[in-house]
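# Tertiary structure, described
One letter stands for each residue in the lines below.
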Amino acid sequence: MMADPQIMLRVHRSYAMMLQFYGARMVNKETGQLERTEGYQPRLAHLNCKRHNFLRITRILKFLGEVGLERWKFPLIVFLANEALYCRSIPNAVSSLTDYWIGTLRSDIEYKHAVMVGRKELPISKALLFVKDRSISYVHSSGAEGNSTNGAGGEGSKSIGGG
């Protein structure tokens, strides 16, 4: 599937359509960086009150990893974290963010950054810098060593909301 350019084009279009539905758009296909669209408020309000969409987001995150677009997962999680934790436009999404979405990340360094965002230990501004340039890390070396992947569904999928 990943080797077929037509299929990947359809995946990209589907993702862009989904982002639009949630009030976001991609500004950089290489990094996956997202921003709000014009008229995002009703989109996010709908997302906040229709919790079944949180399950869809979990599936989308897992799908991105399966089709070779793992690099787009962290930016989506940062976008959603900003809306849930800081802008409070989707406060009902906080438990999905901390209990499920962050746990889909396979990269240890992205996972650790996302956990720090989820705990409000890493400001969104710094997480966005990490989205743009993955060589910038805010994870300290103590405890930063480990496997090269998080292994979603394993230890990395623990809840982070409670501290």
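This text follows the structure it describes.
### Focus: the pattern of salt bridges
- Under the criterion given, the structure shown has six salt bridges.
- With a closest N to O distance of 2.4 Å, Arg25 and Glu35 form a salt bridge. Here Arg25 is found in strand β1 (residues 24-26), whereas its partner Glu35 is found in strand β2 (residues 34-36), with ten residues between them in sequence.
- Look at Arg25 and you get partly exposed, because its relative accessible area is 39%.
- If you follow the salt bridges from partner to partner, you end up with Glu66, Glu70, Lys73 and Arg106 in one network.

### Notes on helix α2 (residues 40-49)
- Taken together, the buried positions of α2 are occupied by Tyr40, Leu44, Leu47 and Asn48. Down the axis of α2, the buried side of the element spans an arc of 100°, and every buried residue falls inside it. Residues of α2 that are exposed and angled more than 90 degrees away from the buried face: Pro42 and Cys49.
- Looking at the packing, one finds that the buried side of α2 touches β2, α3 (52-66) and α4 (73-86).

### Describing the nonpolar core
- One finds Tyr15, Leu19, Leu47, Leu76, Ile77, Leu80 and Trp101 to be the most contacted residues of the largest nonpolar core, which totals 47 residues.
- Listed by contribution, the elements that provide at least two residues to this core are α1 (5-21), β1, α2, α3, α4, α5 (94-101), α6 (108-118) and α7 (124-132).
- Of all the elements, α4 adds the most residues to this core, at nine residues.

### Details of the side chain of His113
- Relative to the helices and strands, His113 is located in helix α6.
- A distance of 2.9 Å separates the side chain of His113 from the backbone nitrogen of Tyr138, its partner in a polar contact.
- Residues contacting His113, with those up to four places away along its chain left out, are Phe74, Leu122, Phe130, Ile136, Ser137, Tyr138 and Val139.

### Some remarks on the packing of aromatic side chains
- The full count for this structure, using the stated rule, is four aromatic pairs.
- Judged by centre distance (5.9 Å) and plane angle (80°), the rings of Phe54 and Trp101 are edge-to-face. With Phe54 in helix α3 and Trp101 in helix α5, the pair connects residues that are 47 residues apart, well separated along the chain.
- Using a relative accessible area of 0% as the deciding quantity, one classes Trp101 as buried.
- Measuring from ring centre to ring centre gives 5.3 Å for Phe74 and Phe130, while their planes differ by 90°; the resulting arrangement is edge-to-face. Taken together, the residues span a long stretch of sequence, with Phe74 in helix α4 and Phe130 in helix α7 at a distance of 56 residues. No difference in accessibility class separates Phe74 from Phe130, as the two residues are buried.

### What about the packing of α1 against α3?
- At a closest axis distance of 12 Å, the pairing of α1 and α3 adopts a crossing angle of 150°. The orientation of α1 with respect to α3, classified from their angle, is roughly antiparallel. α1 and α3 meet at a crossing whose hand is left-handed. Across the interface between the two elements, Val11, Tyr15, Met18 and Phe21 of α1 pack against Asn53, Ile60, Phe63 and Leu64 of α3.
- Residues of the contact of α1 with α3, tallied by class, amount to seven nonpolar, one polar and no charged.

### Quick word on α6
- Burial analysis of α6 places ten of its eleven residues in the buried class, which makes it a mostly covered element.
- Of the surrounding elements, those touching the buried residues of α6 are α4, α5 and α7.
- Looking at the residues trailing α6, positive phi occurs at Lys120, about 60°.

Quick notes on the rules
Residues numbered from 1 in each chain as written. Predicted model: local features only at pLDDT ≥ 70, side-chain atom pairs only at ≥ 80, totals over all residues. Heavy atoms only, no water. Salt bridge = Lys/Arg side-chain N within 4 Å of Asp/Glu carboxyl O. Helix = DSSP H or I, 4+ residues; strand = E, 2+ residues; numbered from the N terminus. Buried < 20%, exposed > 50% of the residue type's maximum accessible area, 1.4 Å probe, protein only. Arc of directions from axis to C-beta. Contact = heavy atoms within 4.5 Å. Core = buried A, V, L, I, M, F, W, Y, C linked by side-chain atoms within 4.5 Å. Polar contact = N/O pair within 3.5 Å; in protein donor to acceptor, adjacent residues only side chain to side chain. Phe/Tyr/Trp six-rings, centres within 6.5 Å; stacked < 30°, edge-to-face > 60°. Axes fitted to C-alpha atoms, helices over the stretch in contact; angles between N-to-C directions. Parallel < 35°, antiparallel > 145°, perpendicular 65-115°, else oblique. Left-handed = near helix turned anticlockwise from the far one by under 90°. Nonpolar A, V, L, I, M, F, W, Y, C, P; charged D, E, K, R; others polar.

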